[in-house]
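Structure assessment
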Amino acid sequence: MAVRIDNTPSYQVLQGKIQRVRLASRGLEPIPQLRLAVLELDTDPLTLDLQRLQQKGKIGNPQSLLRQPFQGAVRLVVTESDINRALASKELKAKLQALLNRAIPQKEGSPLAVFSLTELRLDFLGDNRSRLYLKLQPQAAAGEEVSPPLEMELAAKFAITGGRTLQILERSEEHTSELQSH
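First, a word on what this report is: a plain description of the structure on this page.

Regarding the pattern of salt bridges
Enumeration according to the criterion identifies 13 salt bridges in this entry. A salt bridge links D42 to R20, with the shortest nitrogen-to-oxygen separation between them at 2.7 Å. On the criterion of sequence distance, the pair formed by D42 in strand β4 (residues 34–43) and R20 in strand β3 (residues 20–31) is long-range, its members being 22 residues apart. What makes D42 partly exposed here is its relative accessible area of 27%. E170 serves as the salt-bridge partner of R129, at 3.0 Å between the closest nitrogen and oxygen.

What follows is the structure in structure tokens.
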């Protein structure tokens with residue numbers, strides 16, 4: 001990670017005034033199994049409350065260290081292969097499986113539908129489009145025949161509006177196989 005602090009005159013740092021902070025990283029892994037190809041941060045001028053910074057253990061919210069609102073720009077690049085590696089990790093798969101178990105609606109009096117997440121993949125399609133592929137294997141109860149897997153593709157086109165909001169412009173869902181009801 002490279003950090004650069006620009007300041008003229010330099011003694012203003014002692015007063016908590018910083019003209020610009022630039023941070024750049026390549027290949028950073030902020031959480032296990034999720035690699036960021038590029039992370040860059042470039043700030044506008046900062047004014048820090050140095051007295052509050054010197055109070056050990058009493059900072060609380062990091063924003064309280066700033067005398068004016070934080071403004072800056074972030075550039076983040078995550079590759080398709082990095083995302084798919086994270087989606088294939090045991091830790092993330094277990095979290096997604098738990099989320100899936102909570103998300104499946106259940107009808108009163110009907111047996112619990114249990115699915116195992118067997119495959120999950122994200123594809124970047126170009127033109128700000130991406131596709132998420134899911135493969136779910138229904139679990140058969142004792143004595144029941146195993147149903148074929150359920151395969152789904154969710155595609156969407158995204159745009160960033162106002163430099164800060166991710167907007168879904170178009171979406172489509174496609175089921176490539178269906179479950180048989182018993």
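Describing the environment of E170
Here E170 shows up in strand β10 (residues 165–175). When its relative accessible area of 44% is taken as the criterion, E170 is described as partly exposed. Along the backbone, E170 and A159 are eleven residues apart, and their C-alpha atoms lie at a distance of 9.9 Å. The contacts of E170, once residues within four sequence positions are left out, are R129, A155, A156 and K157.

About the cut-offs
Residues numbered from 1 in each chain as written. Predicted model: local features only at pLDDT ≥ 70, side-chain atom pairs only at ≥ 80, totals over all residues. Heavy atoms only, no water. Salt bridge = Lys/Arg side-chain N within 4 Å of Asp/Glu carboxyl O. Helix = DSSP H or I, 4+ residues; strand = E, 2+ residues; numbered from the N terminus. Buried < 20%, exposed > 50% of the residue type's maximum accessible area, 1.4 Å probe, protein only. Contact = heavy atoms within 4.5 Å.

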